Amino acid sequence: MVLASAVVFIASLLIGALGIYVGARVIVGAADYDHAIVTALIGAIVWALVGFFIGWIPLLGPILALLAYIAVINLRYPAGWTAAAMIGLVAWVTVLVALYVLAALGITGFNAVGVPGL
């Protein structure tokens, strides 16, 4: 059971990192998948912590969790808040498409680690 959970976590993290990689490649020209993996992991941890502590506050909690996630991208990629938000948006769309295709093929469920809301 632990091994299966670890495999699902790692696969989800790699899919989330793919989204960040594509977003960073398109928006700021960064081409380091390892950097995207670390960013996705840190982003997932920060999103979870902020969501746990203040995510229950209507409207404000989810907004602050999203801002915390964008702040992680902003710290990891040197282009400012607007570029970080755009990287997050491209990551979200990329992962959405990838998960749709994988779910349609019956390979995985519709979730990923490292990209909020999926």
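Note that the structure is predicted; figures quoted are calculated from it, not measured. (Residues numbered from 1 in each chain as written. Predicted model: local features only at pLDDT ≥ 70, side-chain atom pairs only at ≥ 80, totals over all residues. Heavy atoms only, no water.)

**Some remarks on the UniProt feature "transmembrane region" (unreviewed entry) in the protein**
- According to UniProt, the positions carrying the feature "transmembrane region" (unreviewed entry) are residues 6-24, 60-77 and 89-113.
- From the first C-alpha to the last, residues 6-24 spans 26 Å; its make-up is 100% helix and 0% strand.
- Between the C-alpha atoms that bound residues 60-77 the distance is 25 Å, and the span itself is 94% helix and 0% strand. (UniProt positions renumbered as here; feature names shortened; annotations may be inferred. Helix = DSSP H or I, 4+ residues; strand = E, 2+ residues; numbered from the N terminus.)

**Some points on the environment of asparagine 74**
- Structurally, asparagine 74 can be placed in helix α3 (residues 60-76).
- Residue class for asparagine 74 comes out buried when judged on its relative accessible area of 18%.
- Separated by ten residues in the primary sequence, asparagine 74 and alanine 84 place their C-alpha atoms 5.0 Å from one another.
- Discounting chain neighbours no more than four positions away, the residues touching asparagine 74 are Gly80, Trp81 and Ala84. (Buried < 20%, exposed > 50% of the residue type's maximum accessible area, 1.4 Å probe, protein only. Contact = heavy atoms within 4.5 Å.)

**Section: the nonpolar core**
- One finds Ile20, Ala36, Ala40, Tyr69, Ile73, Tyr77 and Ile87 to be the most contacted residues of the largest nonpolar core, which totals 13 residues.
- At the level of elements, α1 (2-28), α2 (33-54), α3 and α4 (81-104) are the ones that each hand at least two residues to this core.
- If you tally residues by element for this core, the top one is α1, at four residues.
- In contact with tyrosine 77, not counting residues within four places along its chain, are Ile20, Ala24, Val28, Ala30, His35, Ala36, Thr39 and Ile87. (Core = buried A, V, L, I, M, F, W, Y, C linked by side-chain atoms within 4.5 Å.)

**Topic: a nonpolar patch on the surface**
- A grouping of Val26, Ile27, Val28, Met86, Leu89, Trp92, Val93, Val97, Tyr100, Val101, Leu105 and Ile107 is seen on the molecular surface, where their side chains present a nonpolar patch of about 1100 Å² in accessible area.
- Looking at the nonpolar patch, the elements that each hand over two or more residues are α1 and α4.
- The class for leucine 105 is exposed, based on a relative accessible area of 59%. (Patch = residues over 30% accessible without salt bridge, like charges linked within 9 Å, V, L, I, M, F, W, Y side chains within 5 Å. Areas by Shrake-Rupley, 256 points an atom, 1.4 Å probe, with all protein chains shown as cover. Salt bridge = Lys/Arg side-chain N within 4 Å of Asp/Glu carboxyl O.)

**Some thoughts on the packing of α3 against α4**
- As a packed pair, α3 and α4 sit with axes 8 Å apart at the nearest point and diverge in direction by 110 degrees. Between α3 and α4, the crossing angle belongs to the class labelled roughly perpendicular. Within the contact between the two elements, α3 uses Leu67, Tyr69, Ile70, Ala71, Ile73 and Asn74 and α4 uses Trp81, Ala84, Ala85, Ile87 and Gly88.
- Residue classes in the contact of α3 with α4 are distributed as nine nonpolar, two polar and no charged. (Axes fitted to C-alpha atoms, helices over the stretch in contact; angles between N-to-C directions. Parallel < 35°, antiparallel > 145°, perpendicular 65-115°, else oblique. Nonpolar A, V, L, I, M, F, W, Y, C, P; charged D, E, K, R; others polar.)

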